[in-house]
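Listed below are the residues making up each chain.
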Amino acid sequence: MYDVVLLTLGSERDAPGGCGSGGACCGGATGADTAPTSQTDTGQADSSQTDTGQASSSQTDSGQANTDQASSGQTDTGQCATERPRVPVLACADALNARGARVETVTARSDAEIDAVLARLDGPARPDGLTWPDPDSKTRLVVATASDGQLRAVLRRLVKRYAPAPSKRPADLPGNRTLPDLPPVAVLPLDAARGGTHRDLAAQLGLPRDPAAVAAAVLDGTPRRLDLLRNDGGSVTLDGALLGAADDAGRPLHWRARVEVDDTILTDGAEPLLACAVGNAGGYATLNDVTLLTAPDPADGQVEVAVAVPVVVRSAWGRKRVRLEVRRARGRAVSVLPRESKVPYLDDGVEGELTRKRSWWVEPGAWAVWSI
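Bear in mind the structure is a predicted one, so any value in this text is a computation, not a measurement. (Residues numbered from 1 in each chain as written. Predicted model: local features only at pLDDT ≥ 70, side-chain atom pairs only at ≥ 80, totals over all residues. Heavy atoms only, no water.)

**Q** Just to check I follow, could you spell out the nonpolar core for this structure?
**A** Proteins that are soluble and globular tend to have nonpolar side chains buried together. Formed by 35 residues in total, the largest nonpolar core has its most connected members in Leu141, Leu151, Leu182, Leu228 and Trp367. Not counting residues within four places of it along the chain, the set of residues in contact with Leu182 comprises Leu155, Leu158, Val159, Tyr162, Arg225, Leu228, Ala366 and Trp367. Core analysis: the second largest hydrophobic core is formed by 24 residues, Ala257, Val307, Val334 and Trp360 among them. (Core = buried A, V, L, I, M, F, W, Y, C linked by side-chain atoms within 4.5 Å. Buried < 20%, exposed > 50% of the residue type's maximum accessible area, 1.4 Å probe, protein only. Contact = heavy atoms within 4.5 Å.)

Next up, the structure:
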């Protein structure tokens, strides 16, 4: 029978800057976490680490840490403390126990505590010294999530743990990947409402939300492999990112950026934009009544990108009007180079400000969820 760890990220779930919004207590980047791999060479930077000309998503343009970064690298235990596991976690544990699984509930309040749980998924020692996941592990992980940002926090730590440095790339790593197949995780949504109008990733993927059904997926299901977006800011994206902002009245603000998808230039940065969507799944497929992404698929090995451009046209009578032009492209990688001082964005629901060039690339089938 399996050992099952029910992992909850310590959080005041209604706090705007709580765990899963990027704080160190939920696996957010700290000063030592700007590189997406812990297996770099001594003195060598991972090729996907932010260079000196690029700002991490956990930094503002003033160089001060925002909510994606603990100000001193310490856990904000006051913000992240919780008293006891929430009801869905206890119900899932009961369902697993009833099936004979050995269950442990863990509330992690720091990256180190998340890493201690993930270490149980390690495989046997390799001759090359790399830390690698065990494909035959009898330990299964359930992540109880109040937001997609919390799930992302755990996946970011998995990437940090298992991605090798470029100079240590093993021969058994697929040619289109920078990391091995990450261990499957089960997702236990803590907020049933997010499966309704505001569809979280679990709802988009059709994953079970009932604790007993999640337990069944863990014990009887099969891994469903999904694409992962890595970025050069040291983080990952599961669903997608939406760049742009609105004023206090809800009207979108104009901004400029150069957006490229593989060899396709969607905009060179000279014209104003209202929005840019980077989609692995469909969370940011629409904006108000505008369709940005037409067919985002988290398992097709490509990222879909769209920009919304206001275009002035003249009618037959010479009158000017503005129409919204949506340009789309699909590919393996996308880069956004803002021409403004800063561009607000949401990435898996986590807020940030883009001040330098940011690139995302697809890791096909890199992560997986347990599903029936």
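**Q** In this structure, what is going on with the packing of aromatic side chains? I would like to understand it.
**A** Geometrically, a pair of aromatic rings is defined through the distance of the ring centres and the angle of the planes. Throughout the structure, instances matching the rule amount to 0 aromatic pairs. In this structure, Arg140 is placed above the aromatic ring of Tyr2, and the distance from its NZ or CZ to the ring centre is 3.9 Å. (Phe/Tyr/Trp six-rings, centres within 6.5 Å; stacked < 30°, edge-to-face > 60°. Lys NZ or Arg CZ within 6 Å of the ring centre and 35° of its normal.)

**Q** What's the story with the environment of Pro124 in this structure? I'm lost.
**A** With respect to the element layout, Pro124 can be found in the loop between α3 (111–118) and β3 (139–145). Relative accessible area serves as the criterion here: at 61%, Pro124 is assigned to the exposed category. Taking the C-alpha atoms as reference points, Pro124 and Asp134, separated by 10 residues in sequence, lie 7.0 Å from one another. (Helix = DSSP H or I, 4+ residues; strand = E, 2+ residues; numbered from the N terminus.)

**Q** Can you walk me through the pattern of salt bridges in this structure?
**A** Here the idea is simple: oppositely charged side chains can pair when their charged atoms come close. Evaluated as defined, the whole model comprises 20 salt bridges. A salt bridge links Arg209 to Asp200; its shortest N-O distance comes to 2.9 Å. Note on Asp200: relative accessible area 5%, which makes it buried. Glu260 is the partner of Arg258 in a salt bridge, and the nearest nitrogen-oxygen pair spans 2.8 Å. Residue Arg258 is classed as partly exposed on the basis of its relative accessible area of 24%. Through salt bridges that share partners, Glu271, Arg323, Glu325 and Arg327 make up one connected network. (Salt bridge = Lys/Arg side-chain N within 4 Å of Asp/Glu carboxyl O.)

**Q** Any chance you could explain the packing of α3 against helix α4 (residues 148–162) here in plain terms?
**A** Pairs of packed helices are described in terms of their axes, by the angle between the two and the distance that separates them. α4 packs onto α3 with a crossing angle of 70° between their chain directions and a minimal axis gap of 10 Å. As the angle between them shows, α3 and α4 are arranged roughly perpendicular. Crossing angle aside, the handedness with which α3 passes α4 is right-handed. Contacts between α3 and α4 involve Asp111, Ile114, Asp115 and Leu118 on the former and, on the latter, Val154, Arg157, Leu158, Arg161 and Tyr162. Along the lines of polarity and charge, the residues of the contact of α3 with α4 split into 5 nonpolar, no polar and 4 charged. (Axes fitted to C-alpha atoms, helices over the stretch in contact; angles between N-to-C directions. Parallel < 35°, antiparallel > 145°, perpendicular 65-115°, else oblique. Left-handed = near helix turned anticlockwise from the far one by under 90°. Nonpolar A, V, L, I, M, F, W, Y, C, P; charged D, E, K, R; others polar.)

**Q** Hey, could you run me through the pairing of β3 in this one?
**A** Taken residue by residue, a regular strand's side chains alternate between the two faces of the sheet. Counted residue by residue, β3 has 7 buried out of 7 residues, so it is predominantly covered. Residues Thr139, Leu141, Val143 and Thr145 point to one face of β3 and Arg140, Val142 and Ala144 to the other, with burial holding for every one of them. Strand direction decides the pairing type here: strand β1 (residues 3–9) and β3, joined by 6 bridges, are parallel. The residue of β3 that forms the bridge with Leu6 is Val142. Inspection of the sheet shows β3 paired to strand β4 (residues 185–189) by 5 bridges, in the parallel sense. The residue bridging Val143 from the neighbouring strand is Val187, located in β4. (Pairing = 2+ DSSP bridges.)

**Q** Any chance you could explain helix α2 (residues 87–98) here in plain terms?
**A** In an α-helix, one full turn covers 3.6 residues, which means residues spaced three or four apart are oriented alike. Here α2 contains 12 residues, and its C-alpha end-to-end distance of 17 Å stays within 8% of the 16 Å for a straight helix at 1.5 Å per residue. Three or more residues of α2 are buried, namely Pro88, Val89, Cys92, Ala93, Ala95 and Leu96. Projected onto a plane normal to the axis of α2, the buried residues spread over an arc of 160° and lie on a single side. Away from the buried face of α2 by more than 90 degrees, exposed residues Val87, Asp94 and Ala98 are located. The elements touched by buried residues of α2 are β1, β2 (102–108), β3, β4 and α6 (211–220). (Expected span 1.5 Å × (residues − 1). Arc of directions from axis to C-beta.)

**Q** When you look at the side chain of Arg358 in this model, what are you seeing that I'm missing?
**A** Within the secondary structure, Arg358 sits in strand β18 (residues 358–371). Arg358 gets classed as buried once you look at its relative accessible area, which sits at 3%. Within the local environment of Arg358, its side chain forms a polar contact with the side chain of Asp232, the two groups lying 3.1 Å apart. (Polar contact = N/O pair within 3.5 Å; in protein donor to acceptor, adjacent residues only side chain to side chain.)

**Q** Just checking my understanding: could you explain unusual backbone geometry for this structure?
**A** Most peptide bonds take the trans configuration, and most residues that are not glycine carry a negative phi. Even without being a glycine, Asp262 presents a positive backbone phi close to 50°. Backbone geometry at Asn288 places phi at a positive 55°, although glycine is not the residue there. With respect to the helices and strands, the residue Asn288 is situated in the loop between β11 (286–287) and β12 (290–291). Taking the relative accessible area as the measure of exposure, Asn288 reaches 69% and is therefore exposed.

**Q** I tried to follow α6 on my own but got confused; where do I start?
**A** All of the buried residues along α6 are Pro211, Val214, Ala215, Ala217, Val218 and Leu219. Each element contacted by the buried residues of α6 is listed here: β1, α2, β3, β4 and β18.

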